[in-house]
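# Architecture and fold: a report
Spelled out from the first residue to the last, the chains are:
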Amino acid sequence: MPPRRPGGKYKGLVTRTKSDAVLAAEANARAKKRQEDVIKRAAMRKQKQLMDREGVGHEVADPEEEKRQRILNLLMGGRRGD
């Protein structure tokens, strides 16, 4: 086998250049996507705070049920080798 060429078989033969306009458009698209994600996360956080403030989604836990669940977790959640 011939020795391997540093940089690969096609080093310098395949060139792909993007124009400044294409690079700017891609940067704008990425910035817009990031901004949309930030807005979406902020809306979700605000909605969660509203729900927490109103108490929606929080059911009152029964102390006996909590005790049973704790015991069950203790029995089921052991370490390896026990």
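Residues numbered from 1 in each chain as written. Predicted model: local features only at pLDDT ≥ 70, side-chain atom pairs only at ≥ 80, totals over all residues. Heavy atoms only, no water.

## Structural notes on the overall build of the protein chain
Cut-off, in case you're wondering: A run of DSSP states H or I qualifies as a helix once it reaches four residues; a run of E qualifies as a strand once it reaches two. Both are numbered from the N-terminal end. In this scheme, a residue with accessible area under 20% of its type's maximum is buried, one over 50% is exposed, and one in between is partly exposed, where area comes from a 1.4 Å probe on protein chains only. For accessible areas, the Shrake-Rupley method is used with a probe of radius 1.4 Å. Any residue's cover is judged against the shown protein chains and nothing else.
A tally of regular secondary structure across the protein chain gives two helices and zero strands. Counting every position in the protein chain, which comprises 82 residues, the buried fraction comes to 0%. Taken as a whole, the protein chain presents about 8,700 Å² of accessible surface, with 57% of it coming from carbon and sulfur.

## Description of a nonpolar patch on the surface
Quick reminder of the rule: Residues forming no salt bridge and having over 30% relative accessible area are the ones grouped into patches, like charges within 9 Å of each other and nonpolar side chains (Val, Leu, Ile, Met, Phe, Trp, Tyr) within 5 Å. By salt bridge we mean one thing: a side-chain nitrogen of Lys or Arg within 4 Å of a carboxyl oxygen of Asp or Glu.
On the surface, I71, L72, L75 and M76 cluster together into a nonpolar patch covering about 450 Å² of accessible area. Along the chain, M76 turns up in helix 2 (residues 63-76). A relative accessible area of 65% places M76 in the exposed class.

## Structural notes on the pattern of salt bridges
Where charged atoms of side chains with opposite charge meet at close range, the side chains can pair. Here the structure, examined in full by the defined rule, presents four salt bridges. Here K33 and D37 are joined by a salt bridge, their closest N and O atoms 3.6 Å apart. Of this pair, K33 and D37 both sit in helix 1 (residues 20-54), four residues apart, roughly one helical turn. Note on D37: relative accessible area 28%, which makes it partly exposed. In this structure, the salt-bridge partner of K48 is D52, at a minimum N-O distance of 3.2 Å. With a gap of four residues between them, K48 and D52 both fall in helix 1, about one helical turn apart. On the basis of relative accessible area, D52 is assigned to the partly exposed category, the value being 37%.

## Some words on helix 1
For clarity, the cut-off: Here the expected length of a helix is defined as 1.5 Å per residue gap, with one fewer gap than residues.
Over its 35 residues, helix 1 extends 51 Å from the first C-alpha to the last, a length consistent with the 51 Å expected when each residue adds 1.5 Å. Directly beyond the C-terminal end of helix 1, a positive phi value near 85 degrees is found at G55.

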